[in-house]
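Survey of secondary and tertiary structure
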Amino acid sequence: MAEDEKQVKAEELEQAFALFSEASAQLAGAYHELQQQVEGLTAELAVANGELRRQYLEKEALSQRLGLLLAALPAGVVALSGEGVVEEVNPAARAMLGEPLVGESWEQVAARALRPTSTPHDWDVAASPSGRPQRVNVVTSHIDPAGRQIVLLHDVTEAYEMQQELQRHQRLTAMGEMAARLAHQLRTPLATAMLYTAHLTKPALAEADRMRFSDKALARLRHLEQLIRDMLSFVKGEAGGRERVDVASLLAELRQVVEPQMVQRGLLFELDDRSGEATVLGDRKELTGVLVNLLENAMQACDAGGKVLVRGERAGGEVVLTVADTGRGVAEELHERLFEPFFTTRAEGTGLGLAIVRNVVQAHGGRVEMKSVPGQGSEFTLRLPVTSNGEQQ
């Protein structure tokens with residue numbers, strides 16, 4: 001009996017040892033497989049680390065190149081945060097805007113260093129380091145969803161000066177071409193005035209005739225004076241002052257000036273002001289002169305019972321001023337010639353009124369548009385850039 005128990009225990013021990021050996025072999029295989037996986041992952045990690053390091057070095061080199069490029073750029077670059085605070089600037093921007101910059105609000109920097117002009121996106125530098133007038137073009141662009149922005153400042157001083165010089169040369173060229181026309185325009189009223197004045201020297205001239213000849217001579221001399229004044233305005237061709245002009249007050253002042261003349265001529269005058277609080281940057285006197293010029297033309301074109309309308313409204317970044325009448329209108333083939341110097345459809349006209357209108361409006365950064373139908377009237381539209389809070393749109 002004892003022998004049988006020993007034999008059973010020996011068999012159980014032998015089975016347990018076999019199971020242990022089998023488990024050990026499985027563990028050894030699993031360990032070997034795990035070791036191979038670790039070695040593979042280590043190799044992959046080494047490759048990934050190498051790739052990351054390569055990318056890091058490439059980005060570091062790119063960052064250095066971009067830094068050198070920004071430093072060498074003649075244009076100013078200003079990086080803004082989502083809140084509009086200056087985060088980074090390049091040397092060109094620092095030279096244009098001065099110090100301090102980083103950490104300041106861009107609105108404060110612009111208000112301190114830049115002054116608006118009549119040209120959209122163009123600004124005058126308030127205190128140029130060189131001491132000479134400097135003009136920059138400012139463009140702002142968004143670069144990410146967080147609202148960060150890049151402000152680019154291009155120095156357009158030379159281009160602006162060349163443009164001004166070109167305009168002066170064009171005006172001088174136009175003056176040369178107008179010399180013959182001007183001589184004719186001056187000769188006729190001058191000869192007429194001299195003829196009437198010669199009659200005044202006759203001793204036997206009746207007092208009534210003397211007064212009549214005197215009035216006619218004076219009228220011709222006034223015509224000469226107006227012609228010379230218009231010519232000087234045309235040659236000037238630039239906006240004078242630089243102030244914010246409130247459109248509503250300008251139109252109200254215009255109404256006081258022209259409405260009595262309209263009533264005297266038997267015309268209906270209507271003012272439709274929808275400009276709100278819109279303002280334009282420029283010379284108030286010259287803008288008033290432009291509108292008065294157009295209104296005088298409208299009055300000349302209308303017979304008694306006609307209607308003249310002045311409308312002011314804001315359309316996006318522009319103030320739109322319209323002068324419309326129900327007068328005789330102008331034939332389509334004459335539309336382009338109306339703005340030519342000394343071209344006129346009236347015997348008493350100087351032919352410079354509309355040329356002056358276009359010059360003044362262009363000097364204020366705007367443009368003139370015209371529509372006219374014979375027998376139905378004419379409409380002149382002036383489009384001028386709006387200013388808001390002292391800054392041009």
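This text goes with the structure placed above it.
Once a new chain begins, its residue numbering starts again from 1 and follows that chain's sequence as written. Predicted model: local features are reported for residues with pLDDT of at least 70 only, side-chain atom pairs are reported and counted for 80 or more only, and whole-chain, interface and lining totals are derived from all residues. Remark: hydrogens and water are excluded; side-chain values derive from all non-hydrogen atoms of the structure.

On to the overall build of the protein chain. Secondary structure is summarised from DSSP: a helix means a run of H or I of at least four residues, a strand means a run of E of at least two, and numbering begins at the N terminus for each. When helices and strands are tallied, the protein chain shows eight helices and 14 strands. Buried, partly exposed and exposed residues are distinguished by accessible area as a fraction of the type maximum, computed with a 1.4 Å probe on protein chains only: under 20%, between the cut-offs, and over 50%, respectively. For the protein chain, the proportion of its 393 residues judged to be buried stands at 35%. As presented, the protein chain carries roughly 23700 Å² of accessible surface, and 56% of it is formed by carbon and sulfur atoms. Using a 1.4 Å probe, the Shrake-Rupley method yields the accessible areas, and only the shown protein chains count as cover for residues.

A word on the packing of helix α7 (residues 284-301) against helix α8 (residues 353-363). If you want to describe how two helices pack, look at the angle between their axes and the distance between the axes. Note on definitions: angles span 0 to 180 degrees between N-to-C directions of axes, and those axes are lines fitted to C-alpha atoms, for helices only across the stretch in contact. The geometry of α7 relative to α8 is characterised by a closest axis approach of 10 Å and an angle of 145° between their N-to-C directions. In this structure, α7 crosses over α8, and the sense of that crossing is left-handed. Counted together, Glu286, Val290, Asn293, Leu294 and Asn297 of α7 and Gly353, Leu354, Val357, Val360 and Val361 of α8 form the full contact between these two elements. Residue composition of the contact of α7 with α8, by class: six nonpolar, three polar and one charged. Handedness of a crossing is defined here by the sense of rotation of the near helix relative to the far one, left-handed for an anticlockwise turn of less than a right angle and right-handed for a clockwise turn. Whether two residues are in contact is decided by their heavy atoms: any pair within 4.5 Å suffices. Lys, Arg, Asp and Glu make up the charged group, whereas Ala, Val, Leu, Ile, Met, Phe, Trp, Tyr, Cys and Pro make up the nonpolar group; the residues left over, Gly among them, are polar.

Glancing now at the packing of aromatic side chains. Aromatic rings from Phe, Tyr and Trp, with only the six-membered ring used for Trp, were paired whenever their centres fell within 6.5 Å, and each pair was classed as stacked if the ring planes differed by under 30 degrees, edge-to-face if by over 60, and tilted otherwise. For the structure shown, the criterion picks out zero aromatic pairs. Any Lys NZ or Arg CZ that is within 6 Å of a ring centre and within 35 degrees of that ring's normal is treated as a charge sitting over the ring. Residue placement shows Arg135 over the ring face of Tyr160; its charged tip is 3.7 Å from the ring centre.

A few words on the sheet that holds strand β4 (residues 122-125). In this analysis, strands are considered paired if DSSP registers two or more bridges between them. Read from one edge to the other, the open sheet built from six strands follows the order β2-β1-β6-β5-β4-β3, with strand pairing classed as antiparallel. Taken across any chain shown, the strands that pair with only one partner, and hence form the sheet edges, are β2 (86-89) and β3 (114-116). Mean inter-strand twist for the sheet, computed between neighbouring axes without regard to direction, equals 35°. Packed onto the sheet, helix α3 (residues 106-113) meets β1 (76-80), β2, β3, β4, β5 (135-142) and β6 (149-155) and runs at close to 75° relative to β3.

With that settled, consider the pattern of salt bridges. Proximity of charged atoms lets side chains of opposite charge pair with each other. Each salt bridge in this description consists of a side-chain nitrogen of Lys or Arg and a carboxyl oxygen of Asp or Glu lying within 4 Å of one another. Counted according to the given criterion, the structure contains 13 salt bridges. The residue Arg112 makes a salt bridge to Glu104 at a minimum N-O spacing of 2.9 Å. The class of Arg112 is partly exposed, set by a relative accessible area of 33%. The closest approach of N and O atoms between Glu253 and Arg284, which form a salt bridge, is 3.1 Å. Within this pair, whereas Glu253 is found in helix α6 (residues 247-264), its partner Arg284 is found in helix α7, the two being separated by 31 residues in sequence. With relative accessibility at 33%, the residue Glu253 sits in the partly exposed group. What you see here is one network of salt bridges that share partners, running through Glu318, Arg367, Glu369 and Arg383.

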